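An overview of the molecular structure
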Amino acid sequence: MQVQERLMHLCELLHISLGPAVPVGVDVQVESLDAISEVDMDFTMTLYLRHYWKDERLSFRSNKNQSMTFDGRLVKKIWVPDMFFVHSKKSFTHDTTTDNVMLRVYPDGKVLYSLRVTVTAMCNMDLSRFPLDTQTCSLEIESYAYTDDDLMLYWKEGNRSLNTDERISLSQFLIQEFHTTTKLAFYSSTGWYNRLYINFTLRRHIFFFLLQTYFPATLMVMLSWVSFWIDRRAVPARVPLGITTVLTMSTIIAGVNASMPRVSYIKAVDIYLWVSFVFVFLSVIEYAAVNYLSTRQERKERKLREWLLCTCGIAHPDMMSATCSEMDVNTTGNYGMPEENGLKRDKMLVQMVMESDQVTGHVGSSAYGNVWIDTHAIDKYSRVIFPGSYILFNIIYWSIYS
């Protein structure tokens, strides 16, 4: 008997519970969801955490059956559940203007223990669909020392134990749902523990990213198509236009990645921006191909014109080059003119010379007309292929991710 009394006295001194597993009910009121960080993969929440249990040692007589309310000073003198937040990075109990802790004791020994806490906890986010993603985060509550044999932790009224302020809102997210769950957590060295979960689902607002990312990227791609309607000989106009759009797309991509964690997988926004970048880059390559083929064709036409002037001898004497006699027809190409006893080639030469300007020696408009059509065929096809391909990409992209 003396041993039992000494044990009870020791328990009271150490503020530990007596008897079998103590049932502790919990309810939570979320005051605010302050921040969601994709870079740090965490969220910050302020909440009222309330515990309910019964400790007969605290019962007292009351004629009116009224409870007694105390501040945080009494908490240090009685047993309270040792709750902590699993996977929390930092947390604190508010102390302005005094410690935000309340203890209410009822005559039959029932206890209500409430405190106001702000906690920053980890949230593992899957950003593969960013910014068209939906995230689910959890705040986990568990006893630090007492296993399920010592302390039975449960939600006091199921999902109704979780209350939220209707004014809670986030700039980037729409809060879709709050709900509670209960599971058992196992640690190999200490055993099984009851764990309570506050789960909430967030859906990201897309409008901000449409204005800041998608719309500018689309405009840059469309701006790169303007070069298809600019004269191929206007190099100072087409080259700066292509370089400007490429650099602008690089800036947009760098700006988006600067505010994102360095994940090892591709995000939805990465697909859109890099495909847009490829379209802009291909528009620059397209002009390089047009310019190269145009220059090559003009060089062949110039050599053919010089050879014609030397062969037919119709140019002015002072325009005759000393190398005319050394020119080989093979260097100019036959241009698909087979020779049959010299008759067909001579006829073709005479026809081209007749179209030449007798004074300047320049090839006539008919010859240059053929060059214009050939070198602009790529531009003409690009005016259709580039917009059509980009529209098709947008249809596929938005049908998958929206």
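Residues numbered from 1 in each chain as written. Predicted model: local features only at pLDDT ≥ 70, side-chain atom pairs only at ≥ 80, totals over all residues. Heavy atoms only, no water.

1. Considerations on the confidence of the model for the protein
To keep it simple, the criterion reads: As a per-residue measure, pLDDT tells how confident the predictor is, with possible values from 0 to 100. The contact definition used throughout considers only heavy atoms, calling two residues in contact when any of these lie within 4.5 Å.
When pLDDT is averaged across the protein, the result is 81; 79% of the residues are at 70 or more. Across residues 319-323, confidence stays below pLDDT 50; counting only partners more than four residues off in sequence or on other chains, it has six contacts.

2. Quick word on the sheet that holds strand β8 (residues 134-143)
In sheet architecture, strand pairing relies on hydrogen bonds along the backbone and comes in two forms, parallel and antiparallel. Where we set the bar: Should DSSP find at least two bridges between two strands, the strands are taken to pair. Counting from the N terminus, the helices are DSSP H or I runs at least four residues long and the strands are E runs at least two residues long. Under this scheme, a helix contributes an axis fitted over its contacting stretch, all axes are lines through C-alpha atoms, and angles between N-to-C directions fall in the 0 to 180 degree range.
Taken in spatial order, the four strands of this open sheet run β4-β8-β12-β11, and their pairing is antiparallel. For this open sheet the edge positions go to β4 (83-86) and β11 (173-187), each flanked by a neighbour on one side alone. The average undirected angle you get between the axes of adjacent strands in this sheet is 25 degrees. Relative to strand β12 (residues 191-204), β11 is paired through 14 bridges, and the arrangement is antiparallel. Pairing of Ala185 across the sheet is with Tyr193, part of β12.

3. Here we look at helix α2 (residues 207-224)
Using the following cut-off: Under the convention used throughout, the expected extent of a helix is 1.5 Å for every residue step, that is, one less than its residue count. Burial here depends on accessible area, computed with a 1.4 Å probe over protein chains only, as a share of the maximum for the residue type. Under 20% is buried, over 50% is exposed, and the range in between is partly exposed.
The terminal C-alpha atoms of α2, which comprises 18 residues, lie 25 Å apart, in line with the 26 Å expected from a rise of 1.5 Å per residue. For α2, the set of buried residues is Phe209, Thr213, Tyr214, Ala217, Thr218, Met220, Val221 and Ser224.

4. Brief notes about the nonpolar core
Going by this rule: Here the nonpolar core consists of buried residues drawn from Ala, Val, Leu, Ile, Met, Phe, Trp, Tyr and Cys, with membership extended through side-chain atoms lying within 4.5 Å.
Membership of the largest hydrophobic core comes to 73 residues, with the highest contact counts inside it found for Val28, Leu33, Phe43 and Leu139. Ignoring anything within four residues of it in the chain, the contact list for Val28 reads Leu47, Tyr48, Leu49, Ile141, Trp155, Ser161, Leu162, Asn163 and Ile198.

5. Observations concerning the environment of Trp155
Definition in use: The definition of a polar contact used here is a pair of N or O atoms within 3.5 Å, where within protein one atom must be able to donate a hydrogen and the other to accept one, and adjacent residues in sequence count solely through side-chain atom pairs.
Among the secondary structure elements, Trp155 is positioned in strand β9 (residues 151-155). Judged by its relative accessible area of 7%, Trp155 is buried. Sequence separation between Trp155 and Thr182 is 27 residues; the distance between their C-alpha atoms is 7.7 Å. Excluding anything up to four places from it in sequence, Trp155 contacts Val26, Asp27, Val28, Ser161, Thr180, Thr181, Thr182, Leu196, Tyr197 and Ile198. Separated by 3.1 Å, the side chain of Trp155 and the backbone oxygen of Thr181 make a polar contact.

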